[in-house]
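Tertiary structure, described
The lines below spell out each chain.
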Amino acid sequence: MKKHWYDYLWIASLLYLLLGFFNILFAWLGLLCFFIPLVFSVARGSKGYCNRYCGRGQLFGLLGGGFGLSRRKNVPQWMKSHYFRYGFLAFFLIMFFLMLWNTYLVFAGAQDLKQTVTLLWSFRLPWNWAYQGTLFHPGVAQFAFGFYSIMLTSTILGLITMLLFKPRSWCVYCPMGTMTQLICKARRGNRA
Amino acid sequence: MALKGKKRCVAVVDQKTCVACGCCVKVCPCQAIRIVQGVVAQIAGEACVGCGRCAQECPASVIELREVQA
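The text that follows walks through the structure, step by step, so that each part is easy to find. Here the structure is a predicted model, which is why all the values come from computation and not from measurement. (Residues numbered from 1 in each chain as written. Chains lettered and ligands numbered in written order. Predicted model: local features only at pLDDT ≥ 70, side-chain atom pairs only at ≥ 80, totals over all residues. Heavy atoms only, no water.)

**Digging into the pattern of salt bridges**
Residues and elements named next belong to chain B.
- Under the definition given, this model contains one salt bridge over all chains.
- The closest approach of N and O atoms between arginine 66 and glutamate 64, which form a salt bridge, is 2.9 Å.
- Residue arginine 66 is classed as partly exposed on the basis of its relative accessible area of 42%. (Salt bridge = Lys/Arg side-chain N within 4 Å of Asp/Glu carboxyl O. Buried < 20%, exposed > 50% of the residue type's maximum accessible area, 1.4 Å probe, protein only.)

Written as structure tokens, this is what we have:
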């Protein structure tokens, strides 16, 4: 099958993860992975981002499929249930807003900047080497640390399920995928 | 008439659990699959050759091959 430019977006995803090790402010670029799928679903009623442009999905597909790092087993039934998918989306959104709250506290001067990356919402790792101080407010860096934590956490979860199940098992419970599908369902419902 | 009574395989999607990720669309050699309104994958039965690549690729394993009358 003919390759298109968007089939190489896995390089951008990989680069994004690597850049976060050098300068945490690059984490802001990850907002593209939040807003583009939302624009696709809200404006066009499609999951065009998942279907074509998701570099993370491509990366899992490449590692699990191309490099054969996946066991290629079926995901368990509970993982594809609506309870789990919507529950994970709700949990993810709560943690996202908690991160925004922490960013606000730093902007408001009520809390100091924490130069850490929190993995799996629990393990706090020092990440001070990726922040040398900037012209911007510390709150800008706090958001970057928080957002990068989310991106790295979801990559780790995706890699674990890639190894255990099918390469792109992450797509089954990806919060952005679930959210955009819900938006598309709502749009379809309104038009029906 | 020659095909009367013959059966062939086609891929069928469980529409309730499909996550509409589009992995199946990418691997279909016949371009027989499309994602409808961002909600569910739809397979054009007449274009499907029943190769099973979509079923193999589907991360949620919600595609299966079924025998139908040719």
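**What to know about the interface of chain B and chain A**
- Taken residue by residue, the interface counts 24 residues in chain B and 23 residues in chain A.
- Surface buried jointly by chain B and chain A totals about 1,900 Å² across both partners, of which 49% is contributed by carbon and sulfur atoms.
- Linking chain B with chain A are zero salt bridges.
- Mapped by element, the contributors of at least two residues to the side of chain B that touches chain A are α1 (23–27) and α2 (53–57) of chain B.
- Looking at the side of chain B that touches chain A residue by residue, the classes come out as 15 nonpolar, six polar and three charged. (Contact = heavy atoms within 4.5 Å. Buried area = accessible area lost by both parts, 1.4 Å probe. Helix = DSSP H or I, 4+ residues; strand = E, 2+ residues; numbered from the N terminus. Nonpolar A, V, L, I, M, F, W, Y, C, P; charged D, E, K, R; others polar.)

**Digging into the side chain of asparagine 51 of chain A**
- Considering the arrangement of structural elements, one finds asparagine 51 of chain A in helix α3 (residues 48–53).
- A residue is classified by how much of its surface remains accessible, and asparagine 51 of chain A, at 18% relative accessible area, is buried.
- Setting aside residues no more than four positions away along its own chain, asparagine 51 of chain A makes contact with Ala20, Cys21, Gly22, Lys26 and Ile35 of chain B.

**Digging into the nonpolar core**
- Counting 62 residues, the largest nonpolar core has Ile24, Val117, Trp127, Phe147 and Tyr148 of chain A together with Ile63 of chain B as its most contacted members.
- Among the elements that make up this core, the one with the highest residue count is helix α6 (residues 138–164) of chain A (12 residues).
- Not counting the four nearest positions on each side in its chain, isoleucine 63 of chain B is found in contact with Ala11, Val12, Val13, Cys24, Ile43, Cys54, Ala55 and Cys58 of chain B. (Core = buried A, V, L, I, M, F, W, Y, C linked by side-chain atoms within 4.5 Å.)

**What to know about the packing of aromatic side chains**
- A full pass over the atoms with the stated rule returns 26 aromatic pairs over all chains.
- Of note, lysine 3 of chain A hangs over the ring of tyrosine 8 of chain A, and the distance from its end group to the ring centre comes to 6.0 Å. (Phe/Tyr/Trp six-rings, centres within 6.5 Å; stacked < 30°, edge-to-face > 60°. Lys NZ or Arg CZ within 6 Å of the ring centre and 35° of its normal.)

**Topic: unusual backbone geometry**
- For arginine 72 of chain A, which is not glycine, the phi dihedral falls at a positive 60 degrees.
- Locating arginine 72 of chain A in the fold gives a position in the loop between α4 (55–66) and α5 (82–107).
- Judged by relative accessible area, arginine 72 of chain A falls into the partly exposed class, the value being 39%.
- You will see that glutamine 31 of chain B, though not glycine, has its phi angle at about 50 degrees, which is positive.
- Here glutamine 31 of chain B shows up in the loop between α1 and β2 (33–36).

**What about the side chain of threonine 161 of chain A?**
Residue and element names in this part refer to chain A.
- Tracing the chain through its elements places threonine 161 in helix α6.
- The class of threonine 161 is buried, set by a relative accessible area of 6%.
- Excluding anything up to four places from it in sequence, threonine 161 contacts Met79, Lys166, Ser169, Trp170 and Tyr173.

**Overview of helix α1 (residues 9–19) of chain A**
Residue and element names in this part refer to chain A.
- Taken together, the buried positions of α1 are occupied by Ser13, Tyr16 and Leu17. Axial view of α1: buried residues confined to an arc of 95 degrees, hence all on one face.
- Here the buried face of α1 lies against α4 and α6. (Arc of directions from axis to C-beta.)

**Re the environment of phenylalanine 92 of chain A**
Residue and element names in this part refer to chain A.
- Mapped onto the secondary structure, phenylalanine 92 falls in helix α5.
- With a relative accessible area of 9%, phenylalanine 92 lands in the buried category.
- In the structure, phenylalanine 92 is positioned 82 residues away from cysteine 174 in sequence and 9.6 Å away in space, judged by C-alpha atoms.
- In this structure phenylalanine 92 touches Phe34, Trp121, Ile150 and Pro175, once residues within four positions along its chain are discounted.

**Some thoughts on the environment of leucine 31 of chain A**
- Its place among the elements puts leucine 31 of chain A in the loop between α1 and α2 (32–44).
- Along the sequence, leucine 31 of chain A and glycine 158 of chain A sit 127 residues apart, while their C-alpha atoms lie 18 Å from each other.

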